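# A look at the structure
What follows is the residue order along each chain.
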Amino acid sequence: FPKKLFFHTLEAWCYETAGNLVVPIAVQLLSLLKKSSTREKFWPIIKQSMQIAGLTVGKTILDAALEKVGTSLEKIDEHYEQVLNEAHKINILEQYVDEISLTKKQFASLVKEICKAKKCDRLVIFVDDLDRCAPENVVTLLESVKNFFSVEQCVWVFAMDSYVVASYIDKKYDGTRMDGNCYLDKIIPEQYHIPSPFSDDLPGLQKLMDRAFSPFNDNMPARWKEYARTPHVLVPRRLIKSARKYVEIKQLQTNSGIGSSSNDMVFALILLYHSWPDFYRYLTTDDEKYIKGVLKHFASSDMQQNFGAINFPLPESFQKNEDLYYFLQLAFIKQLKTIDEVQQSTTEMIRAMTYLRQVGLP
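What comes next is a walk through the structure.

About the thresholds
Residues numbered from 1 in each chain as written. Predicted model: local features only at pLDDT ≥ 70, side-chain atom pairs only at ≥ 80, totals over all residues. Heavy atoms only, no water. Helix = DSSP H or I, 4+ residues; strand = E, 2+ residues; numbered from the N terminus. Buried < 20%, exposed > 50% of the residue type's maximum accessible area, 1.4 Å probe, protein only. Areas by Shrake-Rupley, 256 points an atom, 1.4 Å probe, with all protein chains shown as cover. Patch = residues over 30% accessible without salt bridge, like charges linked within 9 Å, V, L, I, M, F, W, Y side chains within 5 Å. Salt bridge = Lys/Arg side-chain N within 4 Å of Asp/Glu carboxyl O. Lys, Arg positive; Asp, Glu negative; His and termini not counted. Charge placed at Lys NZ, Arg CZ, Asp CG, Glu CD. Pairing = 2+ DSSP bridges. Axes fitted to C-alpha atoms, helices over the stretch in contact; angles between N-to-C directions. Left-handed = near helix turned anticlockwise from the far one by under 90°. Contact = heavy atoms within 4.5 Å. Nonpolar A, V, L, I, M, F, W, Y, C, P; charged D, E, K, R; others polar. Core = buried A, V, L, I, M, F, W, Y, C linked by side-chain atoms within 4.5 Å.

## Points about the overall build of the protein
Along its length, the protein carries 18 helices and 3 strands. Burial statistics for the protein: of 362 residues in total, 41% are counted as buried. Of the roughly 20,500 Å² that the protein leaves accessible, carbon and sulfur atoms contribute 52%.

## Describing a negative patch on the surface
Taken together, the side chains of Asp170, Asp174, Asp179 and Asp185 present a region of like negative charge at the surface. Assignment of secondary structure puts Asp170 in helix H8 (residues 162–172). By relative accessible area, Asp170 is classed as partly exposed at 31%.

## Details of the pairing of strand E2 (residues 122–128)
Judged from the 7 bridges that link them, strand E1 (residues 5–11) and E2 form a sheet pairing that is parallel. Residue pairing in the sheet places Thr9 in a bridge with Phe126 of E2. Bridge count between E2 and strand E3 (residues 154–159): 6 bridges; the pairing is parallel. Of the residues in E3, the one forming a bridge with Val124 is Val155.

## Here's the deal with the packing of helix H13 (residues 263–275) against helix H18 (residues 339–358)
Contact geometry for H13 and H18: axes closest at 9 Å, N-to-C directions at 65°. Viewed along their axes, H13 and H18 form a crossing whose handedness is right-handed. On the side of H13, the interface is formed by Met265, Val266, Leu269 and Ile270, while H18 contributes Ser345, Glu348, Met349, Ala352, Met353 and Leu356. Classifying every residue of the contact of H13 with H18 gives 8 nonpolar, 1 polar and 1 charged.

## Side note on the pattern of salt bridges
Throughout the structure, instances matching the rule amount to 6 salt bridges. Arg223 is the partner of Glu226 in a salt bridge, and the nearest nitrogen-oxygen pair spans 3.1 Å. Since its relative accessible area comes to 35%, Glu226 is described here as partly exposed. For Arg223, a relative accessible area of 21% gives the class partly exposed. The salt bridge partner of Glu248 is Lys245, with a shortest N-O separation of 3.1 Å. A residue pair is termed a helical-turn pair when its members lie 3 or 4 positions apart in one helix, as Glu248 and Lys245 do in helix H12 (residues 236–256) at 3 residues. With a relative accessible area of 35%, Glu248 lands in the partly exposed category.

## What about the nonpolar core?
Grouped together as the largest cluster of nonpolar side chains are 54 residues, with contacts concentrated most on Leu269, Leu272, Phe279, Phe327 and Phe332. At the level of secondary structure, the elements contributing two or more residues to this core comprise helix H10 (204–213), helix H11 (224–228), H12, H13, helix H14 (277–280), helix H15 (288–295), helix H17 (322–333) and H18. With 8 residues, H13 is the single largest residue contributor to this core. Not counting residues up to four positions away in its chain, the partners in contact with Phe279 are Leu272, Val294, Phe298, Leu314, Phe318, Leu324 and Leu328.

## Comments concerning the sheet that holds E1
As summarised here, the arrangement of the 3 strands in space is E1-E2-E3, forming an open sheet in which the pairing is parallel. Edge positions in the sheet fall to E1 and E3, since each has one partner strand and no second. In this sheet, adjacent strand axes meet at a mean angle of 20° when their direction is disregarded.

Purely geometric numbers; function is a separate question.
As structure tokens, then:
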């Protein structure tokens, strides 16, 4: 039979400096309980969650042993044997395991109390924007709550770009056999991927883009769907942001009376800036030879002579980026067949860059 759900949303990136998600989640859940006496019952979970999620086992053992001996970390060399013996005697590791188990039980009790107060069958904790957190913090945030994934009546939902998070995990465990996608498969076994915005499942994106372009619907870029099929560009939020920036520049051109630039050229450059800002800066120049020298890296061998004799250095990572290569070919290079067409396109790109700088792009 259908379950009655209660949703609670947490934006992970707002709390990444805290080092864990347990504490902010627990605090926010406690605020849902109206009776102060009931809330007081669960306040101990805050302190214990901070200890469990915020400290490593090694540091917990060391701190406890140092306190028993009555010395500090700076003087540990003088009392090394004594600290080692004390750490063994106080059984701090067993205490640590017991505290994890107790905290999990307290969290389960809190969830049960929330469900009772909200008259629902399950509490759904919706964690958003994990992929916006710093790479070094993502794994820490995930691990801070993984012990609570099996709590009864509680469902965890993470809204994130799994490819980005997987790459962060790869970076943290670089040099090991750990694979980011396998890590996510283990810690988050049920995964659902949003289909392409151009599939029949999400017709709303076309409406959103039409709305973003609405002030200049008669003057909108004709090839925006074609550009957006590049996998890295295919992000609804990025597309809508680019459409709004496009409208901004068109309004500037209309209000100031300055000359216009190709709609498709302007929109392609905006998408390039929002998708690959590190590469975009290599094109922000009024030097035609420089721009040709940069684009020449992405032209086919039989077309490179049309871009001039000068080769400008470019990081190898850009040349190996298949998404970037595909987009540059599609938007700026593929249609150029002659030297004159390359020259005309370069001039148009410089003109469009001038307009973009006037509305706040580099």
